[in-house]
Structures are given as structure tokens and as C-alpha cells.
Amino acid sequence: MSSGAGRDSGDEEVSASGQYSELSGSASDVVQARDVQGGIHFHGARSSFESAPRQLPGDVSGFVNRAEELRQLGEMLARMPVEPMVVGLYVITGTAGVGKTSLALHWAHSIRHRFPDGQLYVNLRGYDPEPPVSAGQALDRFLRALGVPPSAIPAEAEDKAALYRSILSGRRILVVLDNAATVKQVRLLLPGSSECLVLVTSRSRLSGLIARDGGYRFSLDVLSESDAIRLLHTVTDGYRRRDDEEEIRELARLCARLPLALRIAAERAASRPLMLLRDLIADLRDESVLWDALTPDHDDDADAVRTVFAWSYRALPVTAARVFRLLGLHPGPDFGVPAVAALAEVTRNEARQLLDILTGAHMLEQQIADRYQFHDLLRAYATEQVMNQETNDSRRHASARLLSWYLRSLRNAVSVIAPHDRLPAAPETDSGSEPLNFPDAAAAFAWYETEYTNIVGSARVAAAYELHDSAWRFPVLLRSIFVSQNPFEDWIAVTDVGLASARRIGDRFGEAELQDSLGKAYVQSHRLEAAEQCHRAALAIRQEISDDFGVAASINSLGLVHWRSRRLAAATADFEESLEMFRALAEPRWQAVVSTNLGMAHVDRADIESANEILTRCVEQCRAIGDTAYEGNALFFLAMAQREAGLPNEALASIESALAIARDRRLDAWGGYWLMELGRVQRALGLPEEALTSYQRSAVVHRRLVDRNREAMAIDGTGECYREIGRYEDSIHFHRLSVAIFRETGDRWWLATALYNLAMSLGLAGRSRQAIPFSRESWGLFGEFEDRRAVDMRNRAAALVESAADDEEPD
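Residues numbered from 1 in each chain as written. Predicted model: local features only at pLDDT ≥ 70, side-chain atom pairs only at ≥ 80, totals over all residues. Heavy atoms only, no water.

## A few points about the packing of aromatic side chains
Condition: The aromatic pairing rule takes the rings of Phe, Tyr and Trp, using the six-membered ring of Trp, and pairs them if the centres are within 6.5 Å, calling planes under 30 degrees apart stacked, those over 60 edge-to-face and the rest tilted. The way it works is that DSSP assigns letters per residue, a run of H or I at least four long becomes a helix, a run of E at least two long becomes a strand, and they are numbered from the N terminus. The buried label applies to any residue whose accessible area, calculated with a 1.4 Å probe on protein chains only, is under 20% of its type's maximum; exposed applies above 50%, and partly exposed to all values in between. Counted as over-ring charges are cases with an Arg CZ or a Lys NZ within 6 Å of the ring centre that also lie within 35 degrees of the ring normal.
Within the structure shown, the criterion is met by 31 aromatic pairs. Relative to Phe324, the ring of Tyr313 has its centre 5.6 Å away and its plane inclined at 45 degrees; by these criteria the two rings are tilted. Placement of Tyr313 in helix α11 (residues 300-315) and of Phe324 in helix α12 (residues 318-326) is noted, with a sequence separation of eleven residues between them. A residue is classified by how much of its surface remains accessible, and Tyr313, at 6% relative accessible area, is buried. For the ring pair Trp405 and Tyr406, a centre distance of 5.0 Å and an interplane angle of 65 degrees mean the geometry is edge-to-face. Owing to a relative accessible area of 1%, Trp405 belongs among the buried residues under this scheme. Classification of Tyr406 as buried rests on a relative accessible area of 0%. Following the ring pairs from residue to residue traces out a cluster consisting of Trp563, Tyr630, Phe636, Phe637, Trp670, Tyr673 and Trp674. Above the face of the Trp749 ring, Arg566 is positioned so that its terminal group lies 3.6 Å from the ring centre. Between Arg710 and the ring centre of Tyr673, over which it is positioned, the NZ or CZ distance is 4.0 Å.

## Focus on the pairing of strand β3 (residues 174-178)
What counts is decided by this rule: For two strands to be treated as a pair, DSSP must find at least two bridges joining them.
Within β3, five of the five residues are buried, leaving the element largely enclosed by the surrounding structure. Burial along β3 is two-sided: the residues Leu174, Val176 and Asp178 and Val175 and Leu177 are all buried. Bridge count between β3 and strand β4 (residues 197-202): four bridges; the pairing is parallel. Across the sheet, the residue bridging to Leu174 is Leu197, located in β4.

## Overview of the pattern of salt bridges
Rules: A pair is scored as a salt bridge if a Lys or Arg side-chain nitrogen falls within 4 Å of a carboxyl oxygen belonging to Asp or Glu.
According to the stated counting rule, one finds 55 salt bridges in the structure shown. A salt bridge links Asp516 to Lys520; the shortest N-O distance between them is 2.8 Å. Of this pair, Asp516 and Lys520 both sit in helix α21 (residues 508-524), four residues apart, which is roughly one turn of that helix. Pair check on accessibility: Asp516 and Lys520 agree, each one buried. Salt-bridge contacts for Arg583 lead to Glu580; the nearest nitrogen and oxygen are separated by 2.6 Å. Here the residue Arg583 and the residue Glu580 both occupy positions in helix α24 (residues 568-584), the gap between them amounting to three residues, near one helical turn.

## Things to note about unusual backbone geometry
Of note in the backbone geometry, Arg257 takes a positive phi value of approximately 55 degrees without being a glycine. Position of Arg257 relative to the elements: it lies in the loop between α8 (245-254) and α9 (259-270). The backbone of Glu466 shows a phi angle near 60 degrees, a positive value even though the residue is not glycine. Looking at the secondary structure, you find Glu466 in the loop between α17 (441-464) and α18 (468-471). Relative accessible area serves as the criterion here: at 46%, Glu466 is assigned to the partly exposed category.

## Concerning the nonpolar core
For clarity, the cut-off: Among buried residues, those of type Ala, Val, Leu, Ile, Met, Phe, Trp, Tyr and Cys that are joined through side-chain atoms within 4.5 Å constitute a nonpolar core. Throughout, a residue-residue contact means that at least one pair of heavy atoms, one from each residue, lies within 4.5 Å.
Judged by nonpolar contacts, the single largest core of 127 residues is most densely connected at Phe324, Leu327 and Trp447. Here this core gets nine residues from one element, more than from any other, and that element is helix α16 (residues 392-417). In this structure, Trp447 is in contact with Trp405, Tyr406, Ser409, Leu410, Ala413, Leu436, Phe438 and Ile455, ignoring residues within four places of it in sequence.

## Digging into the packing of helix α23 (residues 548-564) against helix α25 (residues 588-604)
Each packed pair of helices is defined by two parameters, the angle between the axes and the distance between the axes. Our working rule: Helix axes use the C-alpha atoms of the stretch in contact, all axes being lines fitted to C-alpha atoms, and the angles between their N-to-C directions lie in the range 0 to 180 degrees. Throughout this description, any angle smaller than 35 degrees is read as roughly parallel, any larger than 145 degrees as roughly antiparallel, any in the 65 to 115 degree range as roughly perpendicular, and the remainder as oblique. With the far helix as reference, a near helix turned anticlockwise by less than a right angle produces a left-handed crossing, and one turned clockwise produces a right-handed crossing. Residues are grouped as follows: nonpolar covers Ala, Val, Leu, Ile, Met, Phe, Trp, Tyr, Cys and Pro; charged covers Asp, Glu, Lys and Arg; every other residue, Gly included, is treated as polar.
Orientation of α23 relative to α25, taken along the N-to-C sense of each, is 25 degrees, at an axis distance of 11 Å. The angle between α23 and α25 falls in the class roughly parallel. The two elements α23 and α25 cross, and the hand of that crossing is left-handed. On the side of α23, the interface is formed by Phe549, Asn556, Leu560 and Trp563, while α25 contributes Trp590, Val594, Asn597, Met600 and Asp604. The residue makeup of the contact of α23 with α25, split by class, is six nonpolar, two polar and one charged.

## Quick notes on the sheet that holds β4
Overall, parallel pairing links the five strands, which are arranged β2-β3-β4-β1-β5 in an open sheet. Because the sheet does not close on itself, it has two edges, and the strands there are β2 (119-123) and β5 (216-219). Strand-to-strand twist in this sheet, taken as the mean axis angle between neighbours without regard to direction, amounts to 15 degrees. Here strand β1 (residues 88-93) runs beside β5; their pairing, made up of four bridges, is parallel. The residue bridging Thr93 from the neighbouring strand is Ser219, located in β5. Against the sheet, helix α3 (residues 135-145) touches β2 and β3, its axis set at about 150 degrees to β2.

## Observations concerning empty space enclosed by the protein
The gaps of empty space that remain are located by a probe, the size of a water molecule, rolled over the atoms. To be explicit about the condition: Only protein atoms enter the 1 Å grid, on which a cavity is a set of points fitting a 1.4 Å probe that cannot get out and a pocket is an open set with protein on both sides within 12 Å along at least 5 of 7 lines, lining residues being those with an atom within 4 Å of a point. Grid points are joined across faces, edges and corners, and a volume is the space filled by probe spheres set on the points.
Per the stated rule, a full pass over the model turns up four cavities of 30 Å³ or more. Of the volumes computed, that of the largest cavity is approximately 230 Å³. Around the largest cavity sit 14 residues that line it, and Asp421, Arg479, Asp516, Lys520 and Trp590 are the ones nearest its centre. Secondary-structure elements contributing two or more residues to the lining of the largest cavity are α19 (473-485), α21 and α23. Its residues assigned to classes, the lining of the largest cavity shows four nonpolar, two polar and eight charged.

Below, the structure is given as C-alpha cells:
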């Protein structure tokens, strides 16, 4: 029985960035043909995800004693749970500015040697003005850092968490979750075993993590007086003469012995070596009195911090103070020099100098070269200042300059990453800040990854400022990258924002592009009904505005929805109509893409002669335009057609060429799927033992990808191999497993196929009575489909029922 139906090879676009993991796994992933006399086991499911991330930010310079706290943390580490399924979990809590992050990072650096498999870090930004990082977003970042190819990351947060736990199982990894606001942000990020340690910082008590997840809470207080004085000395030593100890003690008291406030105050003292400390203290007291007068509800710690902020802010040069408050408008957590230059309307050299001033005053942090960020309290303070000191027009113009720079830089990046895509022109702007240009796709993609959160945030800020022309363009440009990265949560959310903006200004072209993007997101996350609605909406608008290219693309997209739903006649008609339109438009690349889709539909409909003719031409077209990814896709489907035409040697050459492209382009998901066709070709050549290896490798890849449906297809193919070898009981075992999975996934075509295979193996094993219900169920399911292959399979299932019934007749 050929398993050559129900295929899916990804969507219309493949990233040119090369951001994919290797196709082939280690030796432990592969069952050698010589071993087939024994059992076969699908093991090694995480072996190719062996990246050892090193994500900890740098240790804190001038970290003061905290000796007692570090001793207590060390004692807690010594009591790490020994139960294999209990994760080590420490929650450091305390007021804002008390130094939770500094302590966590300092301790993490001191123990990282105990976690040789890596360290993961994320700032969950639970207390930022912008929306916090969700568990799903954090998991997406962690999985990428752990080596999971973007195309392999599941859509749902629960599925991401399951993959994350599987990868971390058996590995010693330190996970730091900074600035968590809620238990919900944290719980899905917990590994599943005791080899890992999780360190959480929060202003909240997060009692659920203690009660339900067995965490240890560590409450961090303000510094002791001696440690506070020591911190002041550490920052000012070498800059000032020895100050009076009583005055230093008073300065520590005014800062409420909070490390953040102490560092800012000490930096100001160090930068004014000739000013008496008593005069600095008098200034700080005056600021405190002013703050007390303006603040009706007092929190001593918070008031002390804000007093120090105001004191330092007023001491900044005018231009630096302006940049500080304008950065309160920035849409994301960190930023580089070019973005600041655009925001403040200064040159990049001037921006760098101003950032140096702010960093020197401890009003900004610099974690890595040319990247700056706020402490969350300082960001809130900057936002207050920009709201109080800048007019609405001033804030809007500054945001418009920044968003224009991000939008034009993004367009330049996408034009390199996806050079064949149709991109919207940037809106007219009077911004004088030049966007970035990129020498190649790797550089463009690296910039996209660095600025990802800022770019997504820019769309939301643009909509909030009613800069709708920009707001809808951000998600349209991001679509070209999202189709190969699948960040479904952000993809759908930011596209919804853009769609609302396009509708607000009546931009029908933008609305159609965004409906198309949503359709792609829903197809790739297997929500076909929603996908069809979006693509039909895009099609209607494109027809209305006479966008012939868009109409042809929408019809192709609907064909893919129909194909995935196994409405093959409708899919074929869509592909034929789309192909004719692209021919009329003289679009050679799109002709090749749609022709490949048409060829695969003919394969599924068992129209093998037409499929061979179309796909052979597709391979030539893809080679002519230099599109190697789609050449591989065309070769994959051509191999199917050649095999079913009785040309297994030609099919072997085609599928091996496709797999070579997958390895070279690092197309993990596609290549893993194509391995199943290699297995089918090997079986057609009478090599079921070699086919076992191909199916097993495919199953391992799809288990890593958390693609249960395709994993089940590979498992079912394994059962077919065992049947051809004559090991019927093993065959039955694997077919039962695939049937169970297909019942879970709801794929009725492949469930029918697996049931048929199970019934056949049961019959060959002499268990005809047990085969009857499976063959009957298979017969009924195949009846739900109307294509030629379905009719043929229904007839085979009926014959199997009759054969099993005859075997049951008494002599």
C-alpha cells in the first residue's frame, strides 16, 4: 500500500536568512539496517537540540557585600530537591530598586559552572508601562536559543512548554526569569526535572509558586547601613577625597539604602569631586521636600528613589535631559544609537555622546556594545517626564521620526531577506534620519532579531498616535519574515492592530494584505476555517481594487487551504486559475510556485502522467530563476509521481537531490517530511530495511517539531516496512500506534490509511476476525472523499472486508 497521499510541504515562502537547524541528527537518531532483526525504538528525540545558550547579562560591577544573602542562597542550593521530577525554584522578592536583579545575576554568575548545559535569561518586564512578556513569547525565545528551528516551534503556549521541557530533560541548565509580575508568566517556563535551577525575581510574593510548585522564597531587604556606605565608597573612590562618614551615612539614609538610588547618588557625587558632600545632600533634601509636597500618598522607599531620580535628572545637561525623557516614548525595552538619533533628531555621533552621559549618570544601563536600556523604574520616570514636559505635538513628532526610521529600516531588511516579495512603499516622511541598509540576508536577519520587540511595539505605538499609514505597513512587512518563523501570538496580534488601522483610514490595499497575512498565519497554525475566511476577504478586496497580482496570490492561497482540507478538485481548479493569471502577468517565479502546487494536487488525485509533466517543468523553472528551496519542493513531489509511475530509480535520484537541498539550505521541517518519500522509494526498490532508517529519522524530526500528525505518518510507514519484511506483529504494533495518534489529531484521511494498514497486517498475521472492524471503519472513512485515490482505497478496503469475512467462514 502506497502512503503517498495527504502531503503538506509548508506554505508559499521560505526565508532566505538561513535560520534553520540541521536536518540530520546524530547517530543515536538512526536505526541501522543491520539491526532490523531486533526491535526498533524512536529515541534520541532531542539530540539535535544541543545548543548550550549563554544568555546571562554581565555581572554587576562594584557589587557590594550582600554576604549574608549569598550565604543563604548557597545553603538553599545545597538543599536542591533530589526527586527527579521536582525542579529547583527560587523566588527572590523585594521592593522596587532593592537590587533583586543585581543579586540574582551576581549569584547566577558565581554558580553557572554547575550548569554546563547553558543559562537562559529573560526579562519578563512585569512592571513596565508596555505589555509584559507572556509565557508564550518567552518560550519562543528560549526554544530558539536552544537550537529549535523557527518552523519547528508550535503555535500554542502549552505545546511550546511541552517541547521546552522535553529539550531540558536530562540537562543541567540555569534559568533566570527576571521581573515577573504574576505566577502565570512563570509557570509554563518551569522545566520538568531537578537537573535545572530556576531563579525568579519579582516585586510580588508569587505565593502560587511556593505553594504549588515547591519554590523557595527569598525576601530581599534594603542594604544594611554598612553595605550601603560601602557601595557609596565603591562608586566614588578615586574621584573624591575622603568624605565625612556622618555625611555619607546621611546620604545613604536619604537614598533609603536602596542600591539603585545609592548608585545614582554616588555617581553624581563622583562626577562633582570639588563639591562638598554636605551641599549635595542639601540639594537632595530640597528635592525630597519638593517631592513630599507634590505626593499625597507616601511610600518611604519609593519616595527616596523618585527623589534621587529627580535630583539626578535636574542635574543633567539640557540636551541629555531631553533625550532621557524622549526615550520614555520608545516602544520597546532596549535601543541602539541610530534609533536614538532618529528619536531626538540629532546625529548618530551626538546620540552616542548623549547616551554616554546618561549611562555615566546611571540613568541608563548598557548591557552590550551599542545597546542601552532603562531600569523599569527609570523608564516609568522618563515616561512621566515626557508626558509632563513635552507637548502633544512634540511627542507625536518625535514618535513619528522614530517609527519612520524603524519602518524604513525594516523595509530595507525585508527587501534583502525576501527579495521576491511585493513590499508596500514607505509613507512619505520628512524625517532626516537615514534608515539602515544591509549587505546581505544574514545581516538583515540579525538586525530583525535584535529589534524584534521594538518593531512589533512600533506598530502598536503608531496606531496609538493615529499614524495609521505606518501602523498597517509594519505587519505587512513582517509577514515576509513571519511566514518562516511562525511567531503566531505576535503575528496575529500585530496584524490585527494593522488591520484596524488600515480600516480606519480606508486603505483597501493594506486591508487586503493584512487579511492575506492572517490567512497565512491561520494556515500554518492549522486553523483552516479561519484561514479560508481571511483569504476570501483578501480576494474580494483585491478584486474590488483591480489588484490582479493580489487576486492571483489569493486564489493560490485558497487552493492551499482546499488542498490541506483534501478538497482536491477545488484545490486543482484554484491552482489552474492562479497559474493562468500569473502567466498573464509574466511572473516566472510565481508560475513555478503555483505549478508545483498544481503538480502536488495531481499526485494526490492519482493523475500521475499530468503530475510528472508539470513537476518536471517546475524543477527546470526553479533552476532557471535560482530558487533552490522551491526546486527541492518540486523534486520532492516529482519523486512521488515518478515512484507511482513505476520509475523508482528516477524517483530515488529526485528525492536524494531534494534532501541534499534541504541539508544545504537547512530546511529542517521540509527535509524531515521529505525523508518519508525516501522511505517509500526505498520500499519500491525492494529495500524495506533501508526504508526503516528513513522513516525512523523522519519520526524523530517530527517528534522534535511537535508535529504529531507527521510523526504518526512516519510511524505508519514503519509498520508498512515491517509488514514487507514479514514481521507482522511488529507491523501491527506500529499501525496501532499511528491509528491512536491520528484519532487525536483528527486527520481522517490518514486515519483511514492507518486503519487499512492495520487491518492488512492483522490479516497476514492470521488474525482476520480482529481485522474486520478496522477494515470496515477504513472503508467508511475513505467514503468521505471523492477523488480517484480515495475511490481506489475505498474499493481496497471493501475487498479487505470481504477477504476477512471469507476467512471466517467454516470449511
